[in-house]
Amino acid sequence: MSKKTFHITNGGVLTEYLTKLNFEGELMTWHEMLCVGPTTKEIDNDNFFNLRKEFIESTYNIPYKEEVFRKELDKLSKLEDYEKVILWFEYDLFCHINMIAAISLLKQKMCRLPIFLVNCGKIEGEKQLKGFGELTPEQIQFNYENRIQLNVDDIAFAQKAWRIYCENDHNLLKELIVRPSNYIYMSNCLKAHMKRFPDTRTGLNMMEYNLLKLINEYKIKDRHHLLGYGLHYQGYYGYGDIQIERIINNISLFYDETQEQLVLNRNGFLALEHQQNFFEEMKSDFQFGGVKKSDFQYLKTESKLVNTIK
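Residues numbered from 1 in each chain as written. Predicted model: local features only at pLDDT ≥ 70, side-chain atom pairs only at ≥ 80, totals over all residues. Heavy atoms only, no water.

(A) Molecular detail of the side chain of H170. Of note, H170 is situated in the loop between α6 (152-166) and α7 (174-177). By relative accessible area, H170 is classed as buried at 0%. Side-chain polar atoms of H170 contact the backbone oxygen of Y165, separated by 2.8 Å. Apart from residues lying up to four places away in sequence, H170 is in contact with I164, Y165, H193, M194, F197, F288, G290, V291, F296 and L305. (Helix = DSSP H or I, 4+ residues; strand = E, 2+ residues; numbered from the N terminus. Buried < 20%, exposed > 50% of the residue type's maximum accessible area, 1.4 Å probe, protein only. Polar contact = N/O pair within 3.5 Å; in protein donor to acceptor, adjacent residues only side chain to side chain. Contact = heavy atoms within 4.5 Å.)

(B) Expanded view of the sheet that holds strand β1 (residues 5-9). Strand order in the open sheet made by the 5 strands is β2-β1-β4-β5-β6, with mixed pairing throughout. Either end of the sheet is taken by a strand with one partner, and the two such strands are β2 (26-29) and β6 (148-149). Here strand β5 (residues 115-118) pairs with β6 via 2 bridges, running antiparallel. Within β6, the residue paired with F116 across the bridge is Q149. Across the face of the sheet, helix α1 (residues 12-20) comes into contact with β1, β2 and β4 (84-88) while running at roughly 165° to β2. (Pairing = 2+ DSSP bridges. Axes fitted to C-alpha atoms, helices over the stretch in contact; angles between N-to-C directions.)

(C) Structural detail: the state of the cysteines. Enumeration over the complete set of coordinates arrives at 0 disulfides. The thiol of C111 is unpaired, and the distance to the nearest cysteine sulfur, on C166, comes to 19 Å. Sulfur of C120: no disulfide; nearest cysteine sulfur belongs to C95 and is 8.3 Å away. (Disulfide = S-S within 2.5 Å.)

(D) Quick peek at the packing of aromatic side chains. Applying the stated criterion across every chain, the model contains 22 aromatic pairs. Considering the side-chain rings of F23 and W88, the 5.4 Å spacing of their centres and the 85° angle between planes classify their relative orientation as edge-to-face. Of this pair, F23 sits in the loop between α1 and β2 while W88 sits in strand β4; the two residues are 65 residues apart in sequence, bridging distant segments of the chain. A relative accessible area of 0% places W88 in the buried class. Taken together, F55, Y60, F197, F286, F288 and F296 form an aromatic cluster joined through their ring pairs. Over the face of the ring belonging to F116 we find R147, whose NZ or CZ atom lies 5.3 Å from the ring centre. (Phe/Tyr/Trp six-rings, centres within 6.5 Å; stacked < 30°, edge-to-face > 60°. Lys NZ or Arg CZ within 6 Å of the ring centre and 35° of its normal.)

(E) Local environment of the pattern of salt bridges. Inspection of the entire model under this criterion finds 16 salt bridges. Residues K53 and E57 are paired through a salt bridge, measuring 2.9 Å at the closest nitrogen-oxygen approach. One end of the pair, K53, and the other, E57, are both in helix α2 (residues 46-60), 4 residues apart, so they sit about a helical turn from each other. Because the salt bridges share partners, they merge into one network encompassing E26, E72 and K75. (Salt bridge = Lys/Arg side-chain N within 4 Å of Asp/Glu carboxyl O.)

(F) The arrangement of the sheet that holds strand β9 (residues 287-289) in detail. With respect to topology, 3 strands assemble into an open sheet ordered β3-β9-β10, the strand pairing being mixed. Edge strands, defined here as strands with exactly one partner in the open sheet, are β3 (37-38) and β10 (291-292). Of the strand pairs in this sheet, β3 and β9 are connected by 2 bridges, and their pairing is parallel. Bridged to G37 within β9 is F288.

(G) Layout of the side chain of T9. You can see T9 is positioned in strand β1. In this view, T9 contacts L14, T15, L18, L27, M28, T29, W30, W88 and F89; residues no more than four positions away in its chain are not counted.

(H) A look at α1. For α1, the full list of buried residues reads L14, T15, Y17 and L18. Burial along α1 is one-sided: seen end-on, the buried residues are contained in an arc of 160°. The outward face of α1, more than 90 degrees from its buried face, is lined by the exposed residues V13, E16 and K20. Tucked inside the fold, the buried residues of α1 contact β1, β2, β4 and α5 (137-145). Looking at the residues trailing α1, positive phi occurs at N22, about 60°. (Arc of directions from axis to C-beta.)

(I) Main features of the packing of helix α4 (residues 93-108) against helix α8 (residues 186-194). As a packed pair, α4 and α8 sit with axes 9 Å apart at the nearest point and diverge in direction by 105°. Of the possible angle classes, the one that applies to α4 and α8 is roughly perpendicular. Contact with α4, carried on its side by L93, H96, M99 and I100, involves M186, C189 and H193 of α8 and no other residues of that element. Residues of the contact of α4 with α8, tallied by class, amount to 5 nonpolar, 2 polar and no charged. (Parallel < 35°, antiparallel > 145°, perpendicular 65-115°, else oblique. Nonpolar A, V, L, I, M, F, W, Y, C, P; charged D, E, K, R; others polar.)

(J) Structural context of the pairing of β2. By the bridge criterion, 4 bridges tie β1 to β2 in an arrangement that is parallel. Paired with H7 across the bridge in β2 is L27. A crossover links β1 with its parallel partner β2, the connecting element being α1, and its sense is right-handed. (Right-handed = clockwise from strand over helix to strand, strands pointing away.)

Structure representation (structure tokens):
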């Protein structure tokens with residue numbers, strides 16, 4: 001492995017793992033979660049950081065580590081010292097939104113180096129998709145050696161996806177779902193994203209609806225217990241604790257909390273059975289990129305987004 005390699009990892013845990021495995025080259029950590037909140041097409045400027053800081057701190061009540069991320073992004077100023085860029089992003093939507101942002105930023109920085117993607121998800125002989133942190137050193141090395149070089153069309157794909165994500169019509173992503181590319185999990189991630197908008201039948205999105213199903217199907221003791229189930233059964237979303245905890249709190253009108261467990265109330269059963277639409281009760285200003293969650297609704301029969309009539 002050449003010292004002329006520039007790695008971009010999906011987070012600090014992977015950066016530490018690769019360091020312990022003696023991966024040579026520069027390691028840049030992507031300290032963001034752009035799958036939630038407002039975004040801007042141009043990254044690494046004051047407008048971007050001010051927007052993200054206000055969102056993260058007001059929504060999740062945690063400090064936004066602006067200086068930490070800026071320090072990592074500063075490493076991009078010396079790309080000419082390297083021979084190639086290696087992207088380390090996982091199979092889920094959380095990572096894929098960060099990945100298309102990272103690729104777009106590389107091109108904004110006029111990067112002319114070959115860009116490679118180390119895939120992570122399916123493991124031969126195993127049913128569950130796995131993240132980098134769940135892989136053995138041998139599996140990490142195997143995935144690295146089988147990395148894919150992104151071609152011109154792949155780069156253009158990522159730039160277009162990021163541009164659409166930052167704009168106000170995410171229905172335009174539907175065309176990319178069926179476009180061939182070297183992003184083997186992209187189609188599933190974009191489908192999952194479309195389902196983050198309220199379903200036209202219930203007013204709940206897929207994550208909200210699935211959490212109600214978990215309450216109904218399992219003996220969930222409390223919200224923390226539900227958080228564990230939500231993390232495990234979230235499919236392609238890749239959300240962390242703070243994202244799912246927020247959703248659990250936001251759907252509290254659909255369940256009651258007893259001393260023994262969470263139980264669906266009348267609203268919960270009506271939503272679960274598609275008997276009532278709770279769009280107005282769930283309406284908020286929460287954003288995905290350039291669009292408010294409430295601006296579109298997901299029409300399952302046609303697998304597309306439709307504008308919310310205001």
